[in-house]
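Observations on chain architecture
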Amino acid sequence: MSLKFDIRPTANPTPDKDREAKLENPGFGRVFSDHMAIVRYKQGEGWYGARVESRANFPLDPAGAVLHYAQEIFEGLKAYKRDDGGVNLFRPDANAKRFQNSAERMAMAPLPEDVFIEAVEQLVRIDRAWIPGGEGSLYLRPFMIASEVFLGVKPSAEYIFSVIASPVGSYFKGGPAPVSIWVSENYTRAAIGGTGAVKCGGNYAASLRAQAEAIDHGCDQVVFLDAVERRYIEELGGMNIFFVFEDGSLSTPPLGTILPGITRDSIITLLRDKGTTVREEPYTIDQWRKDAASGKLKEAFACGTAAVISPIGKVCSGSGDFVISGGAAGPVAMGLRKTLVDIQYGRTNDPHNWIRKVF
């Protein structure tokens, strides 16, 4: 399927001086560009009305299905400014495919992958001036909501797909310094047969109480255990996790109840390219504590689109705290981060054709 986007530039663009001031220190997810992409769906008609227009509020009826039954999914990817002034996207096809998988699980209309990618590219083209230089990027948030007006438990017959953009700096203040995490012993994120592998708002809403608990204990992030035995490490509130061992091998929790992260998949591919052993297997919190104490575990790090890679320096819980490798950022995590970032910004070879050049 292919849709032609109607491009409608805003009549009131942000003045250059104001935009440049915002780009000096955009933070994360607080500043937004001038435009948005939007496509609508109606059962029996399909996808229609593709356009890029001035970013504005949606008119949404109080009985809109998303407000009552939480049919909502989203993605996250970035546009990167190359040294030659061009712009890269990193694996947008993988985001488009995951978006389709999320829609299927949430009983929503699947958006064709080419429409997803075209919407992202058109928004990047019109808001190119919003991409920060240096290590900044333009964070892109494609999302879909159920918009049919009704009260009744059934899949919606109408949807709105949109993409908005936000210039961003580092996800964590101060950059990729080691973070501290809190082990959630009271809350779980997902169970077998649930929506853990789906990028839907409900998963993140369910994590917020545990994240608040982490902050109350002076930690940056929360890590969840499995919902059945409360022993196995699953993922952080918004990131996947890896463990680095003294024999040079790495492990990461298996897919099923966790998000199939694109950064996670990229890291596994890069490591296996070098002949490094990467196991996708269960790993308990007790074993993590034991391996950190013995020195068998050399590093642990979290990964995701927003933060790329964040070393984990300290793990806290009601059963006591422990430090990983003296609390310092390790060479494996930081080396992988550099390789990934260099590929994303076009500074090194791209052996798997992950980069899609917009310009």
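Preceding this paragraph is the structure being described.
Since we're looking at a predicted model, the values are computed, not measured.

A tally of regular secondary structure across the protein chain gives eight helices and 18 strands. Taken over the C-alpha trace, the protein chain has a radius of gyration of 21 Å; the compact-globule value for 359 residues is 21 Å, and the two agree within 12%. Overall size of the protein chain, expressed as C-alpha extent along the three principal axes, is 60 × 50 × 35 Å. In the protein chain, which comprises 359 residues, the proportion classed as buried is 54%.

This part covers the pairing of strand β8 (residues 158-168). Buried residues dominate β8, accounting for ten of its eleven residues. In the sheet, strand β7 (residues 137-146) pairs with β8 via ten bridges, with the strands oriented antiparallel. Each bridged residue has a counterpart across the sheet, and for I145 the counterpart in β8 is I160.

Following the criterion strictly, the structure yields 19 salt bridges and no others. Where E53 meets R8, a salt bridge forms, and the shortest distance between an N and an O atom there is 3.9 Å. A residue pair is termed long-range when its members are at least 10 positions apart, and E53 in strand β3 (residues 46-54) and R8 in the loop between β1 (6-7) and α1 (16-24) qualify at 45 residues. Under the relative-accessibility criterion, E53 is labelled buried at 15%.

Relative to the assigned elements, S180 resides in strand β9 (residues 179-184). With near-sequence residues (within four places) excluded, S180 lies in contact with G218, C219, D220, Q221 and K314.

In this section: the packing of aromatic side chains. Under the criterion given, the structure shown has 16 aromatic pairs. Seen in terms of ring centroids, F99 and F161 are 5.6 Å apart; in terms of plane orientation they differ by 65 degrees. Their pairing is edge-to-face. You can see F99 sitting in helix α3 (residues 92-105) and its partner F161 sitting in strand β8, a full 62 residues away along the chain. Aromatic side chains F243 and W288 sit 5.0 Å apart centroid to centroid with 75 degrees between the ring planes, which places their arrangement in the edge-to-face category. Taken together, the residues F243 in strand β12 (residues 240-245) and W288 in helix α7 (residues 285-294) connect sequence positions 45 residues apart. W288 matches F243 in its accessibility class, with the two residues each being buried. Ring pairing ties together the aromatic residues F243, F245, Y283, W288 and F322, which thus form one cluster. Across the ring face of F32, the terminal group of R55 is positioned such that the distance to the ring centre comes to 4.4 Å. Geometry around Y204 places R189 over its ring, the cationic atom sitting 6.0 Å from the centre.

Where a protein is soluble and globular, its nonpolar side chains tend to be buried together. If you look at the biggest cluster of nonpolar residues, it comprises 54 residues, and the most contacted ones within it are W47, I73, F116, V124, L140 and F161. Among the elements that take part in this core, helix α4 (residues 113-126) stands out by supplying seven residues, more than any other. With residues up to four places along the chain from it excluded, the contact list for F116 reads E75, L77, P92, N95, A96, F99, L111, P142 and F161. Grouped together as the second largest cluster of nonpolar side chains are 23 residues, V223, I233, F245 and V315 included.

So, on to helix α8 (residues 331-344). An ideal rise of 1.5 Å per residue puts 20 Å on 14 residues; α8 measures up with 20 Å between its terminal C-alpha atoms. Every buried residue of α8 is listed here: A333, L336, R337, L340, V341, D342, I343 and Q344. The inward-facing, buried residues of α8 contact β5 (77-81), β6 (87-90), α6 (262-273), β15 (297-304), β16 (308-316) and β18 (355-357). Just downstream of α8 lies G346, where phi reads positive at about 75 degrees.

Viewed as axis vectors pointing N to C, α6 and α8 meet at an angle of 110 degrees, and their least axial separation amounts to 11 Å. With respect to α8, the axis of α6 lies roughly perpendicular. Across the interface between the two elements, T263, S266, I267, L270 and L271 from α6 touch L336, T339, L340 and I343 from α8. Within the contact of α6 with α8, the residues separate by chemical class into six nonpolar, three polar and no charged.

On to unusual backbone geometry, then. The phi dihedral of R91 falls on the positive side, at around 55 degrees, and the residue is not glycine. The backbone phi angle of N353 is positive, close to 55 degrees, even though this residue is not glycine. Within the secondary structure layout, N353 lies in the loop between α8 and β18.

Counting buried residues in β12 gives six out of six residues, a clear majority hidden from the surface. Relative to strand β13 (residues 250-252), β12 runs antiparallel, the two being bridged by two bridges. Within β13, the residue paired with V244 across the bridge is L250. Between β12 and the antiparallel strand that follows it, β13, lie four residues; G248 among them carries a positive phi value of about 90 degrees.

Attention shifts here to a nonpolar patch on the surface. On the surface, a nonpolar cluster with roughly 340 Å² of combined accessible area is contributed by Y69, L151 and V153. Assignment of secondary structure puts L151 in the loop between β7 and β8.

As for its placement among the helices and strands, S170 is situated in the loop between β8 and β9. Residues S170 and P26, spaced 144 residues apart in sequence, show a C-alpha to C-alpha distance of 9.1 Å.

What counts, and at which threshold
Residues numbered from 1 in each chain as written. Predicted model: local features only at pLDDT ≥ 70, side-chain atom pairs only at ≥ 80, totals over all residues. Heavy atoms only, no water. Helix = DSSP H or I, 4+ residues; strand = E, 2+ residues; numbered from the N terminus. Rg over C-alpha atoms; globule rule 2.2 N^0.38 Å. Buried < 20%, exposed > 50% of the residue type's maximum accessible area, 1.4 Å probe, protein only. Pairing = 2+ DSSP bridges. Salt bridge = Lys/Arg side-chain N within 4 Å of Asp/Glu carboxyl O. Contact = heavy atoms within 4.5 Å. Phe/Tyr/Trp six-rings, centres within 6.5 Å; stacked < 30°, edge-to-face > 60°. Lys NZ or Arg CZ within 6 Å of the ring centre and 35° of its normal. Core = buried A, V, L, I, M, F, W, Y, C linked by side-chain atoms within 4.5 Å. Expected span 1.5 Å × (residues − 1). Axes fitted to C-alpha atoms, helices over the stretch in contact; angles between N-to-C directions. Parallel < 35°, antiparallel > 145°, perpendicular 65-115°, else oblique. Nonpolar A, V, L, I, M, F, W, Y, C, P; charged D, E, K, R; others polar. Patch = residues over 30% accessible without salt bridge, like charges linked within 9 Å, V, L, I, M, F, W, Y side chains within 5 Å. Areas by Shrake-Rupley, 256 points an atom, 1.4 Å probe, with all protein chains shown as cover.

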